[in-house]
Amino acid sequence: MIKQYLSIKGNYPDAILLYRMGDFYEMFFEDAEVASKVLEITLTSRNKKEEFPVPMCGVPHKAVKAYIAKLIANGFKVAICDQKENPAEAKGLVKRDVVRVITPGMIIEDEFLDEKTNNYILSIARYSDNVGISCIDISTGLFRLTEGNDLLSLAEEIRRVAPSEILLPESSKNDRFLSGLVNGLNGIPITYLDDNNFDYKKCRERLIGLFRTFSLEGFGCEDKKAGICAAGALVFYIKETQKQSAGHFSSIETYNLDKYLLIDETSCQNLEIFKNIRTGSKHGTLLGVLDSTLTPMGGRLMRSWLRYPLQNREEILYRLDAVEELKNDVTSRRNIREQLNTVYDIERLGSKIVMGHSNARDLVALKNSLLTLPSIKYIAENLKSSFFVWDSEIGELSVLAQLIDKAIREDAPPVINEGGLIKEGFSEELDILIRAGSQGKGWLAKLEAKEKEETKINSLKVRFNKVFGYYIEVSKAQAKFVPSHYIRKQTLVNAERYITDELKQYEKDILNSQDRRNILEYELFTQIRENAAKLNPLIQQVAGFIARLDCINAFSEVAHENNYSRPDLNDEGLISIEEGRHPVVEKMITGERFVPNSIMMDDENNQILIITGPNMAGKSTVLRQVALIVLMAHIGSFVPAAKASINITDKIFTRVGALDNLSSGQSTFMVEMQETANILNNSSSRSLVIMDEIGRGTSTFDGISIAWAVAEYLHDLDGKGVKTLFATHYHELIDLALTKERVKNFNILVKEWNDEIVFLRKLVDGGTNRSYGIQVARLAGIPGKIIARAKKILYKIEDEHAISGAPLVAQSGAGSKHSQIQLDMFTKPEHFIVERLKNADITKMTPLDALNFINELQEKTNKACLD
Ligand code: ADP
Ligand code: MG
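Below or above, wherever it landed, is the structure these notes cover. Note that the coordinates shown come from a computational prediction; the quantities given were computed from them, not determined experimentally. (Residues numbered from 1 in each chain as written. Chains lettered and ligands numbered in written order. Predicted model: local features only at pLDDT ≥ 70, side-chain atom pairs only at ≥ 80, totals over all residues. Heavy atoms only, no water.)

## With respect to the overall build of the protein
In plain terms, the rule: In DSSP terms, a helix is any run of H or I states spanning at least four residues, a strand is any run of E spanning at least two, and both are numbered starting from the N terminus. All radius of gyration figures rest on C-alpha atoms, and the globule criterion is 2.2 Å times the number of residues raised to 0.38. Exposure classes here rest on a 1.4 Å probe applied to the protein chains alone. A residue is buried below 20% of its type maximum, exposed above 50%, and partly exposed in between. The contact definition used throughout considers only heavy atoms, calling two residues in contact when any of these lie within 4.5 Å. Methods summary: accessible areas were calculated by the Shrake-Rupley approach with a probe of 1.4 Å, and residue burial reflects only the protein chains presented.
Tallying secondary structure elements over the protein gives 29 helices and 27 strands in all. The C-alpha atoms of the protein give a radius of gyration of 37 Å, which is well past the 29 Å a tight globule of 867 residues would have. Structurally, the protein occupies a C-alpha span of about 140 × 65 × 55 Å along its principal axes. Taken across its 867 residues, the protein has 51% of its residues classed as buried. For the protein, contacts bridging at least 24 residues in sequence account for 69% of all contacts bridging at least 6. For the protein, the accessible area works out to roughly 41400 Å², and carbon and sulfur atoms hold 51% of it.

Set out below in C-alpha cells:
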C-alpha cells in the first residue's frame, strides 16, 4: 500500500495528498506532519513497532470538505486520491488514483468561496517584448486576457485582479521583469509550470480546441501572442488539476489595459473602495454603500465594475440612461428586486453542473431560478433603455425547469449515490423498486406479528441496525422461549438479538433492491444533469443579463435612497461638483449633519487647489469625496451631489501623508515618498491627483519644502499640469498661488468662539493661516494644564517670528531661508536679543527710544527665562 501511495504521491510533489482508505482520507510522511499542524489533528504513525514508523494522520471522508477548505485557505494544494474500484470486489490492493487537485485558484465548491467575490487564478507569460496576463474563474467560466509592456500598468492589473494563485513559467525565476512583477505580492501562492506549457503554438492550439473555432480572430486576441501563452497555460492547468477539460469556458474576453480608468492599489486603499482601512470589512466602504445587489453574480459584477471604471463615454452613458430609467420607475424597480430575490447563483450552478460537481439540491436551486425568468424577461421588455434588451431565447430553459421539477425531489440529500433524489411518478422502473421497498416495511410488520404468534413471546421485535442488518430482539427474561432455529447474534444487558435464515434472505432481497434503486436514481439524475449541462451557454448568457440588471437596479435604488443625481460627462477638463457629499461619511456620521461642498476644477485657473484648514476641519473628507464622485461617474452610477460635470479621467492617484495613513506598519516617510514619485512619473493631464498632507512624515521644514516642490512639479508637468487637490495644514503653502498661475487657495471654515473653535465644514475661497491645533487638542480631551502650557509656548514661538521678521516661506525655492528659519526656531532667547541689537540703528534713536528699546529687550528676556 505504501508503495502505491508513494508512486501516486510522486506525481503531486507540491500538493498534500489525501489517500482514501475506507471511511477515511489518510495523509502520510511529510504531508501528515504538515497537515496535522494546520488541521489541528493528531499525528500518529503506521507500523509503530518498526524502526522507521511512517507518520500519518487522517480525516473522516464525510467531513473532508471542511478540512480541504482549511488547507486551501492556508495556501496549500490538495490532491484527492480516491478508490477506483469497489473494495469488496477488488482482488488484492484496491486501485486508486487522483481524481482532482484543488488549489487556491481552482475551486468549484461554493462552500469554499465568497458568494460576492470572484476567485481568480492568473497566469503570466512573456512573448518577445510583451507580457501577457490571463485569468479565469473556474467557478463561473469567466476567462479574460490582456497584454502590455508597461511595468506599472501590468503590476496594477495583477493587483486589480487580486488572484488567489499565480501561474508562471519556470524560467521566470531568472527573468527580472517577470519576477519584479510578482515581487511584493505577498501571500499569493505561485505555481511554476514547465516553460513548455507556455509555448505559443501549443497554447494557441489548446485555446482553439477548447472553443472549437478555427482561429482566435473572433475573440480579438489573434495578435496577442503573449496573452495567448498565458491563457493557454491556464487551459493546461485546468486539465492537469481537474482531470477534465473545462467545457464551460466557451469564449475568452480580450481587453486593453488603457480602456479603464486606473486607480492604483494604494489609492483603492486610501479611498476605502472595497475595504475599510480599520476593520478590513466591506462596511464603511464605497462598495458597501453601492452594493445593494441581490444575486451573487450581481455582487461579483458590482465589484468588477468598481475595479474597472470605464473611460468610454458611450459605455458610461449606456449605464447612466438605464439607471435613470429605473430610478424614475419605482414599480419596475421594486418588481425587479422581488424577482431577483428568488434567483440563486446560476452562474456558478451552471459551471458546477458542467463539471459534474453538482448535486440534486443544485438542480432544484437552478429550477427555482429558471422559473422566475419569464417574469424578469417581461419586466425587461417593458423598459425603454437599450441596456435592457433581452436577447436570450428562454424556451429551452423553461423546458429544463419543468423536467427538473418533475424529476428531482426538493428534499433530496446532498449526496447523489444514496437515493432519495427522484420523485415518484418520473420513472416506471424506479417506481417498481420504490414500491418493493415500501412493501418490505409491511412484510416486516407481518413477520413480527407471525413470530410473536408462533413463539408467544410478546417482547419480540424486528429491528434494523447498520452492523447486523435486520434482527429479532427478545427481552432477557423471555429469551428461554426462543425456538431453536433462531441464531443468537448479540447479548445486551436486557435483551438478546437473533437472526433467522428467512430474515437474512429477505434482507438480501431488500438491500439488493435498495442498491438497484440507488444506482437507477443516480443514473436518472446524471441524465438530467447532462441535459442541464448542454444548456449551460444559455444559462451563462442569462446569468450575465441578470448580473447587469441587478447592478443597474442597485445603482438606481441607492441613487433614489441617498438622493444622488445624474452626472454629466465632459471632455473639457472640467470637474465641477455642486453641493457634493462624501458617499460613505454622510452615512456614518452621527449627531452632525453632513455639510455639502462645491468644488470646481479646470485646466486654466483652478487646476491645483490648495486646501488649508486646521486638523479635523474636513480636508481629507472633501478630497476623498471628489475622488469618489469622479470614480462613481465612471462606473455609470449617480453621484452624491446636487449637480456634477465630470471630465473623463484616465487615472486617479491618492496619496496620504505618512502620519495620516492609518494602514500602519509601513507608514514610513520612505513609502510616502516612493508613492509620490510614482504619481509624478505616471500622471497625465487627464489624471486626478489627491495629495493629503504630503510631507507630513518628516520635520516641519522638510515637509513644507517637499510639499511645495511636489505641488510645483504637478503644476508644471508637461507644460500643462495635472488637476490636483492638495490638502495641507502647512498654511505656508498658500503663497504658492502668488507664483503659479493655475494654483488656487481654499480653506475650510472654522469659527472661533470664546477661545474655542466650531467646525463649519464649509470650503471657501482663500487660504488660512491659523492652525487651531491647541483648540483641537482641547476638543480631544487633552488636560487643561497642558493646553495652557502649549498656549504659552505657541505665544513665544509666534512672537519670536514676529521679532525675527522673517516670513516662513517667502518664495519658492528658497532653500537657504528654510534652514535659516529652522535655526531661529531652536535658538535660545539671547540670540534674538543679539539680533535686535545688531539691527537696531542707534543713530536714528532718541534717548527715550533707546530707553524703551532696552526696556523691551529686558522684558522679553525676563519672560523667556520665566517660561
Ligand atoms: P481633516 O482632514 O481636515 O483633519 P477630516 O476630513 O478627517 O479632517 O474630517 C474630520 C471629521 O469631520 C470626519 O471624520 C467627519 O466626521 C467630519 N466631517 C468632515 N467633513 C464633514 C462635512 N462636510 N460634514 C460633516 N462632517 C464632516
Ligand atoms: Mg486629514
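## Re the pattern of salt bridges
Here is the rule: For this document, the term salt bridge refers to a Lys or Arg side-chain nitrogen within 4 Å of an Asp or Glu carboxyl oxygen.
Counted under the stated rule, the structure contains 45 salt bridges. Ionic pairing is found between Glu 265 and Arg 307, a salt bridge with its closest N-O pair at 3.5 Å. Within this pair, whereas Glu 265 is found in helix H8 (residues 265–270), its partner Arg 307 is found in helix H10 (residues 296–307), the two being separated by 42 residues in sequence. The residues Glu 265 and Arg 307 share a single accessibility class, namely buried. With a closest N to O distance of 3.0 Å, Lys 740 and Asp 716 form a salt bridge.

## Thoughts on the sheet that holds strand S25 (residues 723–728)
The strands making up a sheet are joined through hydrogen bonds of the backbone, oriented either antiparallel or parallel. For clarity, the threshold we go by: Here, strands pair whenever DSSP counts at least two bridges between them. Helix axes are fitted only over the stretch in contact, all axes being lines through C-alpha atoms; the angle between N-to-C directions runs from 0 to 180 degrees.
Read from one edge of the open sheet, seven strands run S13-S23-S24-S25-S21-S26-S27, paired in mixed fashion. Since the sheet does not close on itself, it has two edges, and those belong to strand S13 (262–263) and strand S27 (756–765), each with one partner. Lying on the sheet, helix H21 (residues 619–634) is in contact with S13, strand S21 (608–612), strand S23 (651–656), strand S24 (688–692), S25, strand S26 (743–753) and S27; it crosses S24 at an angle near 160 degrees. Packed on one face of the sheet, helix H23 (residues 700–716) meets S21, S24, S25 and S26 and runs near 165 degrees to S25.

## Points about a nonpolar patch on the surface
What counts here: Patch criteria: residues need more than 30% relative accessible area and no salt bridge. Like-charged residues are merged within 9 Å; nonpolar side chains of Val, Leu, Ile, Met, Phe, Trp and Tyr are merged within 5 Å.
The grouping of Leu 749, Trp 753, Val 758 and Leu 760 at the surface amounts to a nonpolar patch, some 350 Å² of accessible area in total. Breaking the nonpolar patch down by element, the ones donating at least two residues are S26 and S27. Summarising the element assignment, Val 758 is placed in strand S27. Classification of Val 758 as partly exposed rests on a relative accessible area of 34%.

## Some details on the nonpolar core
Our working definition: To form a nonpolar core, buried Ala, Val, Leu, Ile, Met, Phe, Trp, Tyr and Cys residues must be joined to one another through side-chain atoms within 4.5 Å.
Counting 135 residues, the largest nonpolar core has Ile 124, Ile 273, Leu 290, Leu 366, Ile 408 and Leu 631 as its most contacted members. Ranked by the residues each element gives to this core, the list is headed by helix H19 (residues 536–562), at 14 residues. Those residues in contact with Leu 290 that lie beyond four places of it in its chain are Met 302, Leu 306, Ala 554, Phe 555, Val 558, Tyr 564, Met 632, Ile 635 and Ser 637.

## Description of the sheet that holds strand S12 (residues 253–254)
Spatially, six strands are ordered S11-S10-S7-S8-S9-S12 in an open sheet, and the strand pairing comes out mixed. Every other strand in the sheet has two partners, leaving strand S11 (190–193) and S12 as the edge strands with one partner each. Both strand S7 (residues 121–127) and strand S8 (residues 130–137) contribute to a ladder of seven bridges, which runs antiparallel. Directly across from Ser 123, in S8, lies its bridge partner Ser 134. Seen against the sheet, helix H4 (residues 151–161) touches S7, S8, strand S9 (142–148) and strand S10 (165–169) and runs at an angle of roughly 5 degrees to S8.

## What to know about the pairing of S21
In the case of a regular strand, side chains alternate between the two sheet surfaces. In terms of burial, S21 is a largely internal element, five of the five residues being buried. Alternating positions in S21 separate into two faces, Ile 608, Ile 610 and Thr 612 on one and Leu 609 and Ile 611 on the other, with burial throughout. Where S21 lies against S26, five bridges are found, and the strand directions are parallel. Considered in S26, the bridge of Ile 611 is made with Phe 746.

## Observations concerning the pairing of strand S4 (residues 54–60)
With five of its seven residues buried, S4 lies for the most part within the structure. The pairing of strand S2 (residues 24–28) with S4 spans five bridges and is classified as antiparallel. Looking across to S4, one finds that Glu 26 is bridged to Gly 58. Of the pairings in the sheet, the one linking strand S3 (residues 44–46) to S4 comprises three bridges and is antiparallel in character. Bridge pairing in S4 links Thr 44 to Met 56.

## Structural notes on the site of ligand 1
Applied cut-off: Residues are counted as near a molecule or strand when any one of their heavy atoms sits within 4 Å of it. Pairs of N or O atoms within 3.5 Å make up the polar contacts considered here, provided that, within protein, one atom can donate a hydrogen while the other can accept it, and that residues adjacent in sequence are counted only when both atoms are side-chain atoms. In this classification, the charged set is Asp, Glu, Lys and Arg, the nonpolar set is Ala, Val, Leu, Ile, Met, Phe, Trp, Tyr, Cys and Pro, and all remaining amino acids, among them Gly, are polar.
Taken together, 14 residues lie near ligand 1, and Val 595, Met 616, Lys 619, Ser 620 and Thr 621 sit nearest. At 2.6 Å, a backbone N or O of Met 616 approaches an oxygen atom of ligand 1. Here Lys 619 contributes a backbone N or O atom positioned 2.8 Å from an oxygen atom of ligand 1. With three residues, H21 is the largest single contributor of residues to the shell around ligand 1. Considering only residue class, the shell around ligand 1 consists of six nonpolar, four polar and four charged.

## Remarks on the packing of aromatic side chains
Two descriptors summarise a pair of aromatic rings, namely the distance from one centre to the other and the angle between the planes of the rings. We apply this condition: Pairing of aromatic rings covers Phe, Tyr and Trp, the last through its six-membered ring, and needs centres within 6.5 Å; plane angles under 30 degrees mean stacked, over 60 mean edge-to-face, and all others mean tilted.
Applying the stated rule across the entire model yields 18 aromatic pairs. The interplanar angle of 75 degrees and the centroid separation of 5.5 Å between the aromatic rings of Phe 143 and Phe 249 together place this pair among those described as edge-to-face. Here Phe 249 lies in the loop between helix H7 (225–242) and S12 and Phe 143 lies in strand S9, a separation of 106 residues in the sequence. Grouping residues by exposure puts Phe 143 and Phe 249 together as buried. Plain terms: the ring middles of Tyr 318 and Phe 387 are 5.1 Å apart, the flat faces sit at 50 degrees to each other, and that makes the pair tilted. Of this pair, Tyr 318 sits in helix H11 (residues 313–328) while Phe 387 sits in the loop between helix H15 (373–381) and helix H16 (395–407), placing them 69 residues apart in sequence.

## A short note on unusual backbone geometry
Unusually for a residue other than glycine, Lys 243 sits at a positive phi of about 60 degrees. One non-glycine residue with positive phi stands out, namely Arg 761, at about 65 degrees. Within the secondary structure layout, Arg 761 lies in strand S27. According to the relative accessible area criterion, Arg 761 is buried, its value standing at 19%.

## A closer look at the environment of Leu 631
Residue position: Leu 631 is located in helix H21. Exposure remark for Leu 631: the relative accessible area of 0% places this residue in the buried category. It is 25 Å that separates the C-alpha atoms of Leu 631 and Ser 134, two residues lying 497 residues apart in sequence. Beyond its immediate stretch of four places on either side in the chain, Leu 631 contacts Leu 261, Ile 263, Ile 273, Leu 286, Leu 306, Pro 309 and Ile 652.

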